[in-house]
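# An overview of the molecular structure
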Amino acid sequence: MSHKRIPKRKAAIAVGGVVALGAAAILLPSANASQDGAPDDAAAAPRTLKAGDASDLAARLAGTLGDAYAGAWYDGEDKRLVVNVVRGEGDMALKVRSAGAEVREVDNSMAELQAGAGTLKSEATIPGTSWAVDPRTNKILVTADSTVTGDKWDRLESTVESLGSGMATLKKSEGTFRTFVSGGDAIFAGGARCSLGFNVTAGDGSPAFLTAGHCAAAGDAWSDQQGGEPIATVDQALFPGDGDFALVRYDDPATEAPSEVNVGGQTVPIVQAAEATVGQQVFRMGSTTGLADGQVLGLDATVNYPEGTVTGLIQTDVCAEPGDSGGSLFTQDGLAIGLTSGGSGDCTVGGETFFQPVTTALEAVGATLGDGDGDGDGGGAGAGDQADGQDAGAEQDGAGGDQGVQEQSDMGSDRHSGLTRTH
């Protein structure tokens, strides 16, 4: 499949029938431990943060620390941000602690890890392989699927070894990396089935939706029923290359396209797009397997599909299967994170799944989502001083929402975006 951009000026609109489900907010505690006479060491203790706010703080610290910054991840159990600082940068470590994050000293700088990823790109771009920086191990996580054998495996293994001890981890996956497009239901074109990701507003104000870019290869006109009349038309698409996303405009400009994800009888209101954080809990909705959840494992991942290489993806341990392509990756408090691209395995044995970041897709196509502008600021009160009052009310309003999302994750659903599953 060739690199595909499809600029078209056809009106298009997102699949209707998406309803709404209440989701609970994760709350920030008191903002500043040092006020009211608290001791200085209390001010330096890691703060409890929502995942979105942790992502914001990580971005700010990355700019502050410069070359001393070596990645960060979110500790979901303790709800803390952990920041890697290159060993010997004591002054920078103090800045991290004073900002409310936990410090971990590491040996590999971000520049060294990125250089290692560059070597893999030039020496081992083999279909069925992927790599991403894992800040929790301070190494590059390299994965090979079941098709990488013989000379291909030897080449990959020797390239990883050439990076030096302690720079990369090589993992074998039992499945096969592929895009998750299939024949079936949800949204259809040319006999293929994909999943709607998120309803958005195109740059000219018309309703549209985001899905996977590789889905656009099946055809320009999409329907919400197999063999049905088209309701939406591909406006822009990219795959492979620097992403896997498509903007599809509803043909009827009066289409109502709510900013919600239907998880089967309930809906999660989507407030805005946000950046992913390693360690963050996320939920995926797709037309084949319904709702599934897991964790973010890596960012800026490179995946070598049979059709070509895609860069800039989010790596997760969330399962997915054919037909889930384009489906939404989101958080329980309503942040749009990604669009399902592909991976290996299934929802019986598990596996790796990669997602297109929503923030990058929105910026590329000039669309907006929810009541935010897609700038990835996390949608929370931020890591600053104003969190307390807002979150106190959110705790009452969102009570029970987390349980609803989790229960649906366990059960799955036969209803997706207002459609009926056909088996």
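To keep things clear, this report deals only with the structure shown in the data block. On a predicted model such as this, the values are computed, not experimentally measured, just so you know. Sequence order sets the numbering: in each chain, residues are counted from 1 along the sequence as written. Side-chain atom pairs in this predicted model are given and counted only at pLDDT of 80 or more, local residue features only at pLDDT of at least 70, and totals for whole chains, interfaces and linings cover all residues. As a rule here, side-chain values cover all heavy atoms of the structure and leave hydrogens and water aside.

## Topic: the packing of helix α4 (residues 110-123) against helix α5 (residues 150-162)
Heads up, the condition is: Interaxial angle, 0 to 180 degrees, is taken between N-to-C directions of lines fitted to C-alpha atoms, where a helix line uses only the stretch in contact. By the criteria applied, helices consist of DSSP H or I runs no shorter than four residues and strands consist of E runs no shorter than two, each listed in order from the N terminus. Angles below 35 degrees are treated as roughly parallel, those above 145 as roughly antiparallel, those between 65 and 115 as roughly perpendicular, and all remaining angles as oblique. Each crossing gets its hand from how the near helix is turned against the far one by less than a right angle, where anticlockwise is left-handed and clockwise is right-handed. Contacts are residue-level and defined by heavy atoms, with any inter-residue pair within 4.5 Å sufficient. Nonpolar residues are Ala, Val, Leu, Ile, Met, Phe, Trp, Tyr, Cys and Pro. Charged residues are Asp, Glu, Lys and Arg, and all others, Gly as well, are polar.
Relative orientation of the contacting elements α4 and α5 amounts to 155°, with a least axis distance of 10 Å. When the interaxial angle is binned, α4 and α5 end up roughly antiparallel. The element α4 and its partner α5 pack so that their crossing is right-handed. Facing T119, L120 and E123 of α4, the residues of α5 in contact are R155, L156, T159 and V160. Taken together, the residues of the contact of α4 with α5 break down into three nonpolar, two polar and two charged.

## Brief notes about the side chain of S195
Our working rule: Two N or O atoms form a polar contact when they lie within 3.5 Å of each other; inside protein one atom must be a possible hydrogen donor and the other a possible acceptor, and for residues adjacent in sequence the pair counts only when both atoms belong to side chains.
By the element assignment, S195 lies in the loop between β9 (192-194) and β10 (198-201). Within polar-contact distance, the side chain of S195 engages the backbone oxygen of G323 at 2.7 Å. Once you skip the residues sitting within four places of it in the chain, S195 turns out to touch A186, I187, T211, G286, S287, G323, D324, S325, G326 and G327.

## With respect to the pairing of strand β2 (residues 80-86)
Going by this rule: The classification of residues rests on relative accessible area computed with a 1.4 Å probe and restricted to protein chains. Under 20% of the type maximum is buried, over 50% is exposed, and intermediate values are partly exposed. Paired strands are those between which DSSP finds at least two bridges. With the strands aimed away from the viewer, a crossover counts as right-handed if its path from the first strand over the helix to the second runs clockwise.
The element β2 is extensively covered by neighbouring structure, given that six of its seven residues are classed as buried. Alignment of strand β1 (residues 69-75) against β2, held across five bridges, turns out to be antiparallel. Bridging across to β2, A72 finds its partner in V83. Strand direction decides the pairing type here: β2 and strand β3 (residues 102-106), joined by five bridges, are parallel. Each residue of the ladder has a partner; that of N84, found in β3, is R104. Taken together, β2, helix α3 (residues 90-98) and β3 constitute a β-α-β crossover, and its handedness is right-handed.

## Quick word on the state of the cysteines
Threshold: Cysteine sulfur pairs qualify as disulfides if the two atoms are within 2.5 Å.
Going through the model one piece at a time under the given rule, you end up with two disulfides. In this model C194 forms its disulfide with C215; the gap between the sulfur atoms is 2.0 Å. Linking C194 and C215, the disulfide has an S-S dihedral of approximately -95° and is accordingly described as left-handed. One end of the pair, C194, is in strand β9; the other, C215, is in the loop between β11 (207-211) and β12 (221-222), with 21 residues separating them in the sequence. As far as burial versus exposure is concerned, C194 and C215 are alike and both buried.

## Some words on the environment of L297
Here L297 lies in strand β19 (residues 290-305). When the C-alpha positions of L297 and Q315 are compared, they lie 5.4 Å apart, and in sequence the two are 18 residues distant. Once residues within four sequence positions are removed from consideration, L297 is found in contact with D134, R136, V278, Q315, T316 and D317.

## Things to note about the sheet that holds β10
On the basis of which strands lie adjacent, the open sheet formed by five strands has the order β10-β11-β14-β13-β12 and antiparallel pairing. Because the sheet does not close on itself, it has two edges, and the strands there are β10 and β12. Where β12 and strand β13 (residues 232-238) come together, two bridges link them in antiparallel fashion. Considered in β13, the bridge of A221 is made with T233.

## Description of the packing of aromatic side chains
So the rule is basically this: Only centres within 6.5 Å qualify two rings of Phe, Tyr or Trp (six-membered ring in Trp) as a pair; their planes then separate them into stacked at under 30 degrees, edge-to-face at over 60, and tilted for everything else.
Under the counting rule described, the total for this entry stands at four aromatic pairs. Ring geometry for F177 versus F354: centroids 5.6 Å apart, planes at 90°, classification edge-to-face. Of this pair, F177 sits in the loop between β6 (168-172) and β7 (178-179) while F354 sits in strand β23 (residues 353-357), placing them 177 residues apart in sequence. For the pair F177 and F354, one class covers both residues: buried. Ring geometry for F239 against Y305: centres 6.1 Å apart, planes inclined by 45°, an arrangement best described as tilted. Separated by 66 residues along the polypeptide, F239 in the loop between β13 and β14 (245-250) and Y305 in strand β19 bring together distant segments of the chain. Among the residues examined, F239 registers a relative accessible area of 1% and is labelled buried. Y305 gets classed as buried once you look at its relative accessible area, which sits at 1%.

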